[in-house]
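Chain by chain, the residues run as shown.
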Amino acid sequence: MSETHRSDTVTDRPDEVTDPLLWKLALEVADAHEPDGQGGCQNLLCAGEPWPCTAWNNAQRALRAAQGDVADETPAPVTPNFPAGWSAAPIVPATRRTAA
């Protein structure tokens, strides 16, 4: 069996929470992405990313959603940052040759 270090204690949850599972998961993500004291996120997945990191911001959004809040902000469109010379065109799989 795997051993986890997660606490099974119930965190005090506001009465407004309509989705307890989302609330719990969002709290865990927010806790895992605390500031490191040097202006960055302490989580290794966010290496080099300034705090508040994307994961922490998403956790805050999830906490609001778990309380039934509708997102006020429209998310900005994501523009991929492709390396020079790369195309944004979808990759079409090659056709498989059959033995004759």
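Because the structure is a prediction, the values reported are computed rather than measured. (Residues numbered from 1 in each chain as written. Predicted model: local features only at pLDDT ≥ 70, side-chain atom pairs only at ≥ 80, totals over all residues. Heavy atoms only, no water.)

A. Fine view of the environment of Pro-35. By secondary structure assignment, the location of Pro-35 is in the loop between helix H1 (20-32) and helix H2 (54-66). The class of Pro-35 is partly exposed, set by a relative accessible area of 41%. Expressed as a C-alpha distance, the spacing of Pro-35 and Pro-52, which sit 17 residues apart in the sequence, is 7.2 Å. Not counting residues within four places of it along the chain, the set of residues in contact with Pro-35 comprises Gly-40, Gln-42 and Trp-51. (Helix = DSSP H or I, 4+ residues; strand = E, 2+ residues; numbered from the N terminus. Buried < 20%, exposed > 50% of the residue type's maximum accessible area, 1.4 Å probe, protein only. Contact = heavy atoms within 4.5 Å.)

B. Geometry of the side chain of Asn-43. Along the polypeptide, Asn-43 turns up in the loop between H1 and H2. Among residues more than four places away in sequence, those in contact with Asn-43 are Ala-32 and His-33.

C. Quick look at the nonpolar core. With six residues, the main nonpolar core is built from Val-17, Trp-23, Ala-26, Ala-62, Leu-63 and Ala-66. Tallying contributions element by element places H2 first for this core, with three residues. Leave out the neighbours within four places in its chain, and Ala-62 touches Leu-22 and Ala-26. (Core = buried A, V, L, I, M, F, W, Y, C linked by side-chain atoms within 4.5 Å.)

D. View of the pattern of salt bridges. Per the counting criterion, the structure on display carries one salt bridge. Residue Glu-28 is joined to Lys-24 by a salt bridge in which the shortest nitrogen-to-oxygen separation is 2.7 Å. Residue Glu-28 and its partner Lys-24 are both found in helix H1; the two are separated by four residues, about one turn of the helix. Exposure remark for Lys-24: the relative accessible area of 39% places this residue in the partly exposed category. (Salt bridge = Lys/Arg side-chain N within 4 Å of Asp/Glu carboxyl O.)

E. How the structure looks around H1. With 13 residues, H1 ought to run about 18 Å at 1.5 Å a step, and its terminal C-alpha atoms sit 18 Å apart, in line with that. Looking only at H1, the buried set comprises Trp-23, Ala-26 and Ala-30. Mapping the buried residues of H1 onto a view down its axis gives an arc of 70 degrees, with all of them on the same face. Considering only its buried residues, H1 is in contact with H2. (Expected span 1.5 Å × (residues − 1). Arc of directions from axis to C-beta.)

F. Looking closely at the confidence of the model for the protein. Chain-level statistics for the protein give a pLDDT mean of 77 and a share of 58% at 70 or above. Scored below 50 in pLDDT, residues 4-9 makes one contact in the model with residues more than four places away or belonging to other chains. (pLDDT = per-residue confidence, 0-100.)

G. Here's a closer look at H2. Counted at 1.5 Å a residue, the expected span for H2 with its 13 residues is 18 Å, and the 18 Å between its end C-alpha atoms agrees. For H2, the set of buried residues is Ala-59, Ala-62, Leu-63 and Ala-66. Viewed end-on, H2 has its buried residues packed into an arc of 105 degrees, placing them on one side of the element. Packed against the buried residues of H2 are H1. Phi for Gly-68, located one or two positions after H2, is positive at around 85 degrees.

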